[in-house]
Amino acid sequence: MADENIQDGGVGRNADGKGGDGKGDDGIRTFPFPVDLSLLGVGMQVGPMGAGRTWHLHAPLHRVHRIDFHIVMLFTGGPVRHMIDFAEYEASAGDLLWIRPGQVHRFAPEAEYRGTVLTMQPGFLPRATVEATGLYRYDLPPLLHPDEARLAGLTAALDQLRREYEDAATLPLSLHTAVLRHTLSAFLLRLAHLAAGSAREGRADAPGDTTFTLFRNAVERGFATNHSVSAYADALGYSRRTLVRAVRAATGETPKGFIDKRVVLEAKRLLAHTEMPIGRVGAAVGFPDAANFSKFFQQHTDQTPAAFRAELR
């Protein structure tokens with residue numbers, strides 16, 4: 001049963017055989033984690049990927065869609081091109097793709113997805129583990145290329161996690177779930193270390209990472225109404241210069257560039273996944289004036305909002 005569910009893409013169908021899609025407050029169609037299909041109802045699944053599979057009955061491979069859970073794919077074949085938040089990534093054997101809740105993505109229908117896929121429901125791990133593993137570090141790269149030693153460690157950890165997941169008879173459910181959480185944490189700590197290292201390539205280690213983390217979280221909460229670097233610096237109790245140093249060390253970008261990138265991403269999501277008028281999309285990301293929004297969007301994407309929307313329809 002577990003393998004069958006995973007091969008249906010890690011989301012599959014609800015117990016009644018119908019699609020389990022939903023819509024958030026912003027009208028974007030989101031596919032939830034299928035807890036009813038997980039072995040013993042735990043908040044994760046792990047198993048093999050297969051060719052011609054989809055995450056959900058109503059989410060065709062070639063259509064963009066959004067998820068509200070984590071996906072990690074470890075590839076044993078390829079290359080496979082996969083779109084995540086409107087950027088194309090090419091994964092080959094030995095690579096990993098890490099897709100986080102809220103990100104939009106699209107499969108390449110002509111490609112064969114081979115390897116192991118892990119899906120995890122938000123809330124399955126305790127807060128301390130979530131923070132230690134950077135589960136919501138949306139600034140980290142989704143495509144990872146581990147070297148031979150790190151790949152061996154990740155593969156062994158994922159294989160152990162799969163064995164524990166499929167061993168549903170040895171332990172009582174409470175202990176089985178606890179073992180899964182610990183084993184999953186071990187895998188994610190390895191994965192997070194790899195992701196953080198990939199983000200630092202070409203840059204020095206960031207001594208102001210805590211400053212950046214606070215800034216990133218503040219931007220995530222406030223980007224729809226606050227685009228001011230000085231306002232974020234004042235709210236966090238830092239000088240503008242300190243914030244600039246910390247964000248540049250962590251991401252290679254200026255704080256203003258980081259904010260604008262997040263605003264553009266949200267605008268793209270709303271343009272692609274809702275029927276909201278363009279003026280309302282602009283207002284939703286902090287531009288009450290539609291003309292100013294169009295100018296901002298075109299400056300950052302070389303497309304008007306209308307052209308971007310038309311390209312995806």
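Parameters and conventions
Residues numbered from 1 in each chain as written. Predicted model: local features only at pLDDT ≥ 70, side-chain atom pairs only at ≥ 80, totals over all residues. Heavy atoms only, no water. pLDDT = per-residue confidence, 0-100. Contact = heavy atoms within 4.5 Å. Buried < 20%, exposed > 50% of the residue type's maximum accessible area, 1.4 Å probe, protein only. Helix = DSSP H or I, 4+ residues; strand = E, 2+ residues; numbered from the N terminus. Arc of directions from axis to C-beta. Pairing = 2+ DSSP bridges. Axes fitted to C-alpha atoms, helices over the stretch in contact; angles between N-to-C directions. Phe/Tyr/Trp six-rings, centres within 6.5 Å; stacked < 30°, edge-to-face > 60°. Salt bridge = Lys/Arg side-chain N within 4 Å of Asp/Glu carboxyl O.

1. Re the confidence of the model for the protein
Then, number 1: Of the residues in the protein, 82% have a pLDDT of 70 or more, and the chain-wide mean is 82.
Then, number 2: Taken as a whole, residues 1-26 scores under 50 in pLDDT and shows 62 contacts with residues more than four places along the chain or in a different chain.
Then, number 3: In the predicted structure, residues 202-208 sits below a pLDDT of 50 and forms ten contacts with residues beyond four places in sequence or in another chain.

2. So, helix H11 (residues 305-312)
Then, number 1: For H11, every residue scored as buried is listed here: Pro 305, Phe 308 and Arg 309. Seen from one end, H11 has its buried residues packed into an arc of 95°, which puts them on one side. Residues Ala 310 and Glu 311 are exposed on H11 and point more than 90 degrees away from its buried face.

3. Some thoughts on the sheet that holds strand E8 (residues 96-99)
Sheets are built from strands that pair by backbone hydrogen bonding, the pairs being arranged parallel or antiparallel.
Then, number 1: Pairing is antiparallel across the open sheet formed by five strands, whose spatial order is E3-E10-E5-E8-E11. Strands with a single pairing partner mark the edges of an open sheet, and in this sheet they are strand E3 (44-48) and strand E11 (143-144).
Then, number 2: Bridging between E8 and E11 involves two bridges; their strand directions are antiparallel. Across the sheet, Leu 97 pairs through a bridge with Leu 143, a residue of E11.
Then, number 3: Along the sheet, helix H3 (residues 148-166) contacts E3, strand E5 (70-75), E8 and strand E10 (115-120); its crossing angle with E3, the most-contacted strand, is approximately 110°.

4. Some words on the packing of aromatic side chains
Then, number 1: Counted according to the given criterion, the structure contains eleven aromatic pairs.
Then, number 2: Summarising the aromatic geometry, the rings of Phe 215 and Phe 258 are spaced 5.6 Å apart at their centres and angled 50° between planes, so their arrangement reads as tilted. Here Phe 215, found in helix H5 (residues 209-222), pairs with Phe 258, found in helix H8 (residues 255-273); they are 43 residues apart in sequence, far enough to count as distant.
Then, number 3: Judged by relative accessible area, which is 12%, Phe 258 ranks as buried.
Then, number 4: Ring geometry for Phe 293 versus Phe 297: centroids 5.9 Å apart, planes at 50°, classification tilted. Taken as a pair, Phe 293 and Phe 297 lie in helix H10 (residues 290-301) at a separation of four residues, close to a single helical turn.
Then, number 5: Of the residues examined, Phe 293 reaches a relative accessible area of 0% and is grouped as buried.
Then, number 6: Each member of the aromatic cluster is reached from another via a ring pair, and the members are Phe 86, Phe 287, Phe 293, Phe 296, Phe 297 and Phe 308.

5. Side note on the environment of Arg 137
Then, number 1: Mapped onto the elements, Arg 137 comes out in the loop between helix H2 (127-133) and E11.
Then, number 2: Assessed through its relative accessible area of 15%, Arg 137 is described here as buried.
Then, number 3: Here the alpha-carbon distance between Arg 137 and Thr 213, two residues 76 residues apart in the chain, equals 8.8 Å.

6. Overview of the pattern of salt bridges
Then, number 1: Taken as a whole and judged by the stated rule, the model has eleven salt bridges.
Then, number 2: One salt bridge in this structure joins Arg 150 and Asp 147, with 2.7 Å as the shortest N-O distance.
Then, number 3: The class of Asp 147 is partly exposed, set by a relative accessible area of 37%.
Then, number 4: The partner of Lys 261 in a salt bridge is Glu 253, with the nearest N and O atoms 3.6 Å apart.
Then, number 5: Note on Lys 261: relative accessible area 55%, which makes it exposed.
Then, number 6: Judged by relative accessible area, which is 23%, Glu 253 ranks as partly exposed.
Then, number 7: Taken together, the salt bridges that share partners define one network made up of Asp 85, Glu 220, Arg 262, Glu 266 and Arg 269.

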